[in-house]
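What follows is each chain in one-letter form.
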Amino acid sequence: MQVWDLAIRVYHWLQALLFLGLLATGYTETGPHIPLGLMLFTLLVWRLGWGLFGSETARFANFSSSPSEAWRYLQGMDNAGAGHNPAGAWMVFSLITLLLIQCISGLALGGFLDRLPFAQLWLTDLVADVLTSMHMLLAKGLPWIVSIHVGAAILYQFRGHGLITAMITGRQKMPLILPEPSFVSPKRALFVLLGAVFVTMAMVVLSME
């Protein structure tokens, strides 16, 4: 069954590559750390837009789950539908949130938020200090969280769920007969991506004034 559209798969693997690049350039303090951060921020804005206007399995509303649903799934009491399983959904929300916080804090450190509207009111020294501390903390914590995510994906791959294969091909074998998810045009994904690029470019331009 087709479970992932091309946009989700491109997003997933680009995010992985950018994360590795940011880790390398961040720890060595050399290389294009800021450009990579801007690219990841753009990618995350794209994912947020696709989570609202994208294909059925990409939309946040269609795979959000309660903690009890995730716990029942982990205990084998519930089956997953097409797309993210209940436990995986929590990991997705966590990663997107933490990566977005890391990007925003990095943008603050790079001075990209200084010229935003009303920045003089909310971007105080205290806020800047908090963002700096969060950036340093997440730089140490995110690799562990990502490792858990990768480890779980590998485990479920060997258990026959094919999570990694599905993120490459877009197709996954489902244990139950389920209705086919609906997918929207790739042109919409491109349009949302252009919107995300515009957001980043506008922020960069404002920071140069």
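The present account deals with the structure reproduced in this document.

**Some details on the overall build of the protein chain**
Looking only at helices and strands, the protein chain has nine helices and zero strands in total. Along the protein chain, helices (α) and strands (β) appear in the sequence α-α-α-α-α-α-α-α-α when read from the amino end. Scaling as 2.2 N^0.38, a compact globule of 209 residues should have a C-alpha radius of gyration of about 17 Å, and the protein chain matches this with 18 Å. On the principal axes, the C-alpha backbone points of the protein chain span a range of 55 × 35 × 30 Å.

**Considerations on unusual backbone geometry**
Notably, Glu29 is not glycine yet its phi reads approximately 55°, a positive angle. Within the secondary structure, Glu29 is located in the loop between α1 (6-28) and α2 (33-53). Note on Glu29: relative accessible area 72%, which makes it exposed.

**Digging into the nonpolar core**
The biggest cluster of nonpolar side chains holds 46 residues, and the ones touching the most others in it are Leu40, Phe41, Leu44, Trp46, Trp50, Leu107 and Met203. Listed by contribution, the elements that provide at least two residues to this core are α1, α2, α3 (60-63), α5 (86-109), α7 (125-158), α8 (163-169) and α9 (186-208). Examining the composition of this core, we find that 10 residues originate from one element, α5, more than from any other. Among all residues touching Met203, those that are not within four sequence positions of it are Leu38, Phe41, Leu107, Phe112, Leu113 and Leu116.

Criteria and cut-off values
- Residues numbered from 1 in each chain as written.
- Predicted model: local features only at pLDDT ≥ 70, side-chain atom pairs only at ≥ 80, totals over all residues.
- Heavy atoms only, no water.
- Helix = DSSP H or I, 4+ residues; strand = E, 2+ residues; numbered from the N terminus.
- Rg over C-alpha atoms; globule rule 2.2 N^0.38 Å.
- Buried < 20%, exposed > 50% of the residue type's maximum accessible area, 1.4 Å probe, protein only.
- Core = buried A, V, L, I, M, F, W, Y, C linked by side-chain atoms within 4.5 Å.
- Contact = heavy atoms within 4.5 Å.

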